[in-house]
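# Fold and geometry: a report
One letter stands for each residue in the lines below.
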Amino acid sequence: MISTLATFPPFLHKDIIEYLSTSFLPMAILGSSRREGVPAHVNLSASSMLMIAMQYTSNPVYHCQLLECLMKYKQEVWKDLLYVIAYGPSQVKPPAVQMLFHYWPNLKPPGAISEYRGLQY
């Protein structure tokens, strides 16, 4: 579903992210957590979902909306952001770092400037 951001026109990105964060991801994450011993494929692919969203949408509100949805239903989302920072393409690394410092400010080095200051979905 997230891969449609790469092919659909930008005016549909808001609707895609909205559908993912309000309907699809909660249903997929909560539905798979009821089965014991079976890892949720959505949980395993959270970092690639963030990476695709940051690569194909330039609006930071969409990034925050997806990240806050993942934070609501998944533990240790900061690890997924670190995977994006470590293995993502160069254009997704700055937004991922800004989001990491925005949502986990204790990791921010002294003197770092946050572009996401005051931004919350």
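Here's a quick rundown of the structure. Only a predicted model underlies this, so the values are computations on that prediction, with no experimental measurement involved.

### Thoughts on the packing of helix α4 (residues 46-56) against helix α6 (residues 77-87)
Two numbers describe how α4 lies on α6: the axes approach to 8 Å, and their chain directions differ by 60 degrees. As summarised for this structure, α4 and α6 are arranged oblique, according to the angle between their axes. As for the relative orientation of α4 and α6, their crossing is right-handed in sense. Contacts from Ala 46, Ser 47, Leu 50, Met 51 and Met 54 of α4 reach α6 at Asp 80, Leu 81, Tyr 83, Val 84 and Tyr 87. Of the residues that constitute the contact of α4 with α6, the class distribution is eight nonpolar, one polar and one charged.

### Quick word on the side chain of Ser 47
Position of Ser 47 relative to the elements: it lies in helix α4. Exposure remark for Ser 47: the relative accessible area of 14% places this residue in the buried category. Other than its neighbours up to four places away in sequence, Ser 47 contacts Asp 80, Tyr 83 and Val 84.

### As for the pattern of salt bridges
By the definition in use, this model includes two salt bridges. The salt bridge involving Asp 80 is made with Lys 74; its shortest N-O contact spans 2.8 Å. Linking Lys 79 and Glu 76 is a salt bridge whose minimum nitrogen-to-oxygen distance equals 3.1 Å.

### Regarding helix α7 (residues 93-103)
Burial in α7 covers these residues: Pro 95, Ala 96, Gln 98, Met 99, Leu 100, Phe 101 and Tyr 103. As for α7, its buried residues are in contact with α4, α5 (60-73) and α6.

About the cut-offs
- Residues numbered from 1 in each chain as written.
- Predicted model: local features only at pLDDT ≥ 70, side-chain atom pairs only at ≥ 80, totals over all residues.
- Heavy atoms only, no water.
- Axes fitted to C-alpha atoms, helices over the stretch in contact; angles between N-to-C directions.
- Helix = DSSP H or I, 4+ residues; strand = E, 2+ residues; numbered from the N terminus.
- Parallel < 35°, antiparallel > 145°, perpendicular 65-115°, else oblique.
- Left-handed = near helix turned anticlockwise from the far one by under 90°.
- Contact = heavy atoms within 4.5 Å.
- Nonpolar A, V, L, I, M, F, W, Y, C, P; charged D, E, K, R; others polar.
- Buried < 20%, exposed > 50% of the residue type's maximum accessible area, 1.4 Å probe, protein only.
- Salt bridge = Lys/Arg side-chain N within 4 Å of Asp/Glu carboxyl O.

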